[in-house]
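Examining the three-dimensional arrangement
If you want the building blocks of each chain, they are given just below.
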Amino acid sequence: MNETTAPAMRAPMPISFWVVAGLSLLWNLFGAYDYLMTRTRNEAYLSAMGDPKAVLAWIDSFPLWVQLCWGMGVWGAVAGSLLLLARSRFAVHAFLLSLIGAVGSLVFQATDSNVPAAFDSSARLVLPVVIVAVAAFLWQFSSRERAKGMLR
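Residues numbered from 1 in each chain as written. Predicted model: local features only at pLDDT ≥ 70, side-chain atom pairs only at ≥ 80, totals over all residues. Heavy atoms only, no water.

1. Describing the overall build of the protein
- Across its full length, the protein carries 6 helices and 0 strands.
- Traced from its N-terminal end to its C-terminal end, the protein shows the element sequence α-α-α-α-α-α.
- In the protein, 68% of the contacts between residues at least 6 apart in sequence involve partners at least 24 apart.
- Carbon and sulfur atoms form 69% of the exposed surface of the protein, whose accessible area is close to 8900 Å². (Helix = DSSP H or I, 4+ residues; strand = E, 2+ residues; numbered from the N terminus. Contact = heavy atoms within 4.5 Å. Areas by Shrake-Rupley, 256 points an atom, 1.4 Å probe, with all protein chains shown as cover.)

Here it is, written out as structure tokens:
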């Protein structure tokens, strides 16, 4: 086999890439679990957040755009993590959708005045801010990896 027909040799992926990709999947699978438990109206799961009926009434009151942002944030993140593990350049697009969804959800939660008493504290914004920060990091990380040629 000569050099022109030999497959291109790529440098092995750094272990840090696999650590970030694996942790992103674990983190985002928890978001998917939360989404599914909420959407299937699992009262045992929701009771950890207070009165499940009050939590469900609040979630049911979300406007359609918030529900779309929530789903886009969750499933875009899971898709992005799986695509990152597959080293696909489309992880960047999935993480961008996730980031847009997470920001939309954060904006709603920060401005909603119909929050149940169990959620009505400054702490209710901490997790959404962390989610947006992680989504932004994963989008930037995948963008950098794509620019370095690590994603196909």
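Now that the structure is up, let's keep going.
2. Observations regarding the pattern of salt bridges
- According to the stated counting rule, one finds 3 salt bridges in the structure shown.
- Its salt-bridge partner being D60, residue R41 comes within 2.8 Å of it at the nearest N-O pair. Residue R41 is found in the loop between α1 (15-39) and α2 (43-46), and its partner D60 is found in helix α3 (residues 52-60); the two are separated by 19 residues along the sequence.
- Classification of R41 by relative accessible area gives partly exposed; the value is 41%.
- E145 is paired through a salt bridge with K148; the nearest N and O atoms lie 2.9 Å apart.
- Taking the relative accessible area as the measure of exposure, E145 reaches 4% and is therefore buried. (Salt bridge = Lys/Arg side-chain N within 4 Å of Asp/Glu carboxyl O. Buried < 20%, exposed > 50% of the residue type's maximum accessible area, 1.4 Å probe, protein only.)

3. As for the packing of α1 against helix α4 (residues 64-85)
- Where α1 meets α4, the closest approach of the two axes is 8 Å, and the angle between their N-to-C directions is 150°. Accordingly, the angle class assigned to the pair α1 and α4 is roughly antiparallel. With respect to the hand of their crossing, α1 and α4 are arranged in left-handed fashion.
- When the residues that make up the contact of α1 with α4 are grouped by side-chain class, the tally is 16 nonpolar, 8 polar and 2 charged. (Axes fitted to C-alpha atoms, helices over the stretch in contact; angles between N-to-C directions. Parallel < 35°, antiparallel > 145°, perpendicular 65-115°, else oblique. Left-handed = near helix turned anticlockwise from the far one by under 90°. Nonpolar A, V, L, I, M, F, W, Y, C, P; charged D, E, K, R; others polar.)

4. Thoughts on the side chain of S24
- Positionally, S24 belongs in helix α1.
- According to the relative accessible area criterion, S24 is buried, its value standing at 4%.
- If sequence neighbours within four positions are ignored, S24 has contacts with S81, L84, F95 and L138.

5. Some thoughts on the nonpolar core
- Counting 16 residues, the largest nonpolar core has L46, W58, I59, F62, W70 and V74 as its most contacted members.
- In this structure, M13, A21, F141 and M150 belong to the second largest nonpolar core, which totals 12 residues. (Core = buried A, V, L, I, M, F, W, Y, C linked by side-chain atoms within 4.5 Å.)

6. Concerning the side chain of S88
- The residue S88 is located in the loop between α4 and α5 (91-111) in this model.
- Residue classification places S88 among the buried positions, given a relative accessible area of 13%.
- If sequence neighbours within four positions are ignored, S88 has contacts with L83, L151 and R152.

7. Observations regarding α3
- Restricting attention to buried positions, one finds in α3 the residues P52, V55, L56, W58 and I59. Down the axis of α3, the buried set is contained in an arc of 160°. They therefore lie on one face.
- Buried residues belonging to α3 abut α1, α2 and α4. (Arc of directions from axis to C-beta.)

8. Comments concerning a nonpolar patch on the surface
- The grouping of I15, W18, V19, L23 and L26 at the surface amounts to a nonpolar patch, some 520 Å² of accessible area in total.
- Tracing the sequence through the fold places L26 in helix α1. (Patch = residues over 30% accessible without salt bridge, like charges linked within 9 Å, V, L, I, M, F, W, Y side chains within 5 Å.)

9. Brief notes about the confidence of the model for the protein
- Mean pLDDT over the protein stands at 90; residues scoring 70 or higher make up 88%.
- Mean pLDDT values over the elements of the protein span from 90, in α3, up to 98, in α4.
- Contacts of residues 3-9 to residues separated by more than four positions or lying in other chains number 2 contacts, the stretch itself having pLDDT below 50. (pLDDT = per-residue confidence, 0-100.)

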